[in-house]
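Observations on the three-dimensional arrangement
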Amino acid sequence: MELMSHSSTFLLPNLSSDGGPVLTYVLVILNQHLPRFTPLIWKHAQLHMCADGGANRLYDELPLLFPDEDALAVRIRYKPDVIKGDMDSVRDDVLGFYKNLGTEVVNASDDQDTTDLHKCVAYIQDLPNLKNQNICILVAGALGGRFDHEVGNINVLCRFSSMRIILLSDDCLIQLLPSSHHHEIRIQHAFEGPHCGLIPIGGPSKSTTTGLQWNLDDTEMNFGGLISTSNIVKEEVVTVRSNSNLLWTISIKKP
Ligand SMILES: *[C@@H]1O[C@H](CO)[C@@H](O)[C@H](O)[C@H]1NC(C)=O
């Protein structure tokens, strides 16, 4: 089985692949509190999207991260390339502001069956100029707030299990480790950890790990039984192999 490498190098001031694959980052901003490191991951991303009301967050909250600067100048500097969604939460003034700056607006209000994040991921998947690139989608504001939204976002990880998608908040990140691969996670100890978890998401799993305080050794996990929460990363590299998809989550350190 093939090995898939992961490393949160997007949290570093300067991108490096840290021995892992070279990735093309895309940032998607959802309608939740904007993480403090948004300007950093913005810099690393080659495409910047807002999902519907995520545009309000960018407009309202990003200038607060640059208190010494003129808000208008900050908003112009951080102009999203695309706003996509069913357009029921983005404010008219915000939409008008970014449209004037040249942001592409994709009104997907005819599709009421999928979430705004799903719509954005589908859009990114279909972009011809990103085809054949090793894409990693960073989702800011994916956690916190309404639980049905959080679960909807986790469901997107499962719907697009062959894509690299990382849900981010100020406190932690969540990504899917598909059972189609063995996994090697290089830990950026300066920026993440030590708390972590491995959660069986689609059904019972049998999993083996190294690099954790409480490792799994062909251990069965399932909801209602054992799941691995409040675990601790102990080494530079964590390895995971499992016969079923797992969610990996790790805490993000406060500066
Ligand atoms: C989006 O499209 C719907 C249906 O065509 C329309 O009613 C709505 O006004 C549009 N919203 C925006 C912000 O363009």
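This text goes with the structure placed above it.
Presented here is a report on the structure given in the accompanying data block. (Residues numbered from 1 in each chain as written. Predicted model: local features only at pLDDT ≥ 70, side-chain atom pairs only at ≥ 80, totals over all residues. Heavy atoms only, no water.)

For the rest of this paragraph, the subject is the site of the ligand. Every residue near the ligand is listed here: Met87, Leu95, Asn107 and Ser109. One nitrogen or oxygen atom from the side chain of asparagine 107 is found 2.3 Å from an oxygen atom belonging to the ligand. Residue serine 109 places a side-chain N or O atom 3.1 Å away from an oxygen atom belonging to the ligand. Relative to its free-state accessible area of 360 Å², the ligand is covered by the protein chains to the extent of 35%. Of the residues assigned to the shell around the ligand, the class counts are two nonpolar, two polar and no charged. (Near = heavy atom within 4 Å. Polar contact = N/O pair within 3.5 Å; in protein donor to acceptor, adjacent residues only side chain to side chain. Areas by Shrake-Rupley, 256 points an atom, 1.4 Å probe, with all protein chains shown as cover. Nonpolar A, V, L, I, M, F, W, Y, C, P; charged D, E, K, R; others polar.)

Turning to the sheet that holds strand β6 (residues 135-140), a few remarks are in order. In sheet architecture, strand pairing relies on hydrogen bonds along the backbone and comes in two forms, parallel and antiparallel. Taken together, 10 strands build an open sheet; the order of strands is β5-β4-β3-β2-β6-β7-β8-β15-β10-β13 and the sheet is mixed. Of all the strands in the sheet, the pair left with one neighbour each is β5 (104-107) and β13 (228-232). Ignoring strand direction, the axes of neighbouring strands in this sheet form an average angle of 20°. As paired elements, strand β10 (residues 192-200) and strand β15 (residues 246-252) share six bridges and run antiparallel to each other. (Pairing = 2+ DSSP bridges. Helix = DSSP H or I, 4+ residues; strand = E, 2+ residues; numbered from the N terminus. Axes fitted to C-alpha atoms, helices over the stretch in contact; angles between N-to-C directions.)

Remember, this is a structural readout, not a statement about activity or role.
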